[in-house]
Amino acid sequence: MNPLQFATVPHLRAKQVKPATMEWQAFTGRLKHRIGPKEGKAVVFATFDEPRRLSRHVTGITALALDVDGGAIIVDAYRKLLELGLAGVIWTTHSHTEASHRFRVVCPLDRPMNPKALRVGLAALGDALGVPYDTQCADTCRLFLLPACPPATANDALVTVSYGEAISAEPLERRHAEQERAKAQRLQNYTAPKVSADVLINKALEAVGCAGSGDRNRTLNAWAFTLGRAAAKGEINPSMAEAMLIDAGVSAGLARSEASYTARRALSQGITGGAA
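As the structure is a prediction and not an experimental result, all values here were calculated from the model. (Residues numbered from 1 in each chain as written. Predicted model: local features only at pLDDT ≥ 70, side-chain atom pairs only at ≥ 80, totals over all residues. Heavy atoms only, no water.)

Trainee: Summarise the sheet that holds strand S1 (residues 4-9); cite the residues concerned and give the values.
Mentor: The strand order S2-S1-S4-S9 describes an open sheet built from four strands, whose pairing is antiparallel. Single-partner strands in this sheet number two, and they are strand S2 (18-22) and strand S9 (144-145). Relative to S9, strand S4 (residues 42-44) runs antiparallel, the two being bridged by two bridges. Bridge pairing links Val43 to Phe144 in S9. (Pairing = 2+ DSSP bridges. Helix = DSSP H or I, 4+ residues; strand = E, 2+ residues; numbered from the N terminus.)

Trainee: Break down the sheet that holds strand S5 (residues 46-48) for me, citing the residues and quoting the values.
Mentor: Sheet strands pair via backbone hydrogen bonds, and the direction of the pair is either parallel or antiparallel. The antiparallel open sheet is built from five strands, whose spatial order is S5-S6-S8-S7-S11. Each end of this open sheet is capped by a strand with a single partner; those strands are S5 and strand S11 (159-163). Taking each pair of neighbouring strands and ignoring which way they run, the sheet shows an average axis angle of 20 degrees. As paired strands, S5 and strand S6 (residues 58-69) are joined by three bridges and run antiparallel to one another. By the bridge assignment, Thr47 is partnered in S6 with Gly60. (Axes fitted to C-alpha atoms, helices over the stretch in contact; angles between N-to-C directions.)

Trainee: Mind laying out the pairing of strand S8 (residues 102-113), listing which residues take part and the relevant values?
Mentor: Sheet topology places S6 next to S8; eight bridges connect them, and they run antiparallel. Within S8, the position partnered with Leu66 by the bridge is Val105. Across four bridges, strand S7 (residues 87-92) lies against S8 in antiparallel orientation. Its bridge partner being in S8, Trp91 is matched across the sheet by Arg104.

Structure, rendered in structure tokens:
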């Protein structure tokens, strides 16, 4: 297994990160619960092009980390890690109790993964382990507090490690790419619902009629162009639209000559553009 790359911060408000590299066994061997308040040092499982804790500086995800706040038992998650032959570490969080298990599951990747594939990776790991996890915790530079517990629950604090194989990044990146292609195809095939001619014309007349003194000509121009595009598709009668727009412009306070010029010109441009 490749060494784990990660970064640390002294507290959650820190803006700078300190990159580090460590063998998996050495990293997990250092995980001990600090007895005291919740906040303290934290780790982010990512590589950065510069040491600033911003998503735009994340170049790769180095481990998948699940935040499990109830609904699962630690021993079940650990047994599943062993069954799958995965390397991983589980540590209880500050709010963990024997009655309500709250913990982190961290599994290293075989190489830094494309940050865009993080949600896919978290979902795959959550499904494989059968644990409910916080799906909102998918920020590529999310911080995870290192183990800590209050004095009252110190006896229930736990860190448990499995020494299997790292998760392969390649199939997760491939699945993400497939999902993106499918999404693009759906958008390409999407057809917006048609608005009837009457509804479109009424919207145009209402907008022009309600336009303020500084916006009348601009509003008339925009809606005349829109109706021109509809006329190019045979959805409305351009002569009727022109006459109604001119009357609406005049009612709004434009001179008839100005309203007529604007409506005719924009309608014509819309028809030409809509037919292209």
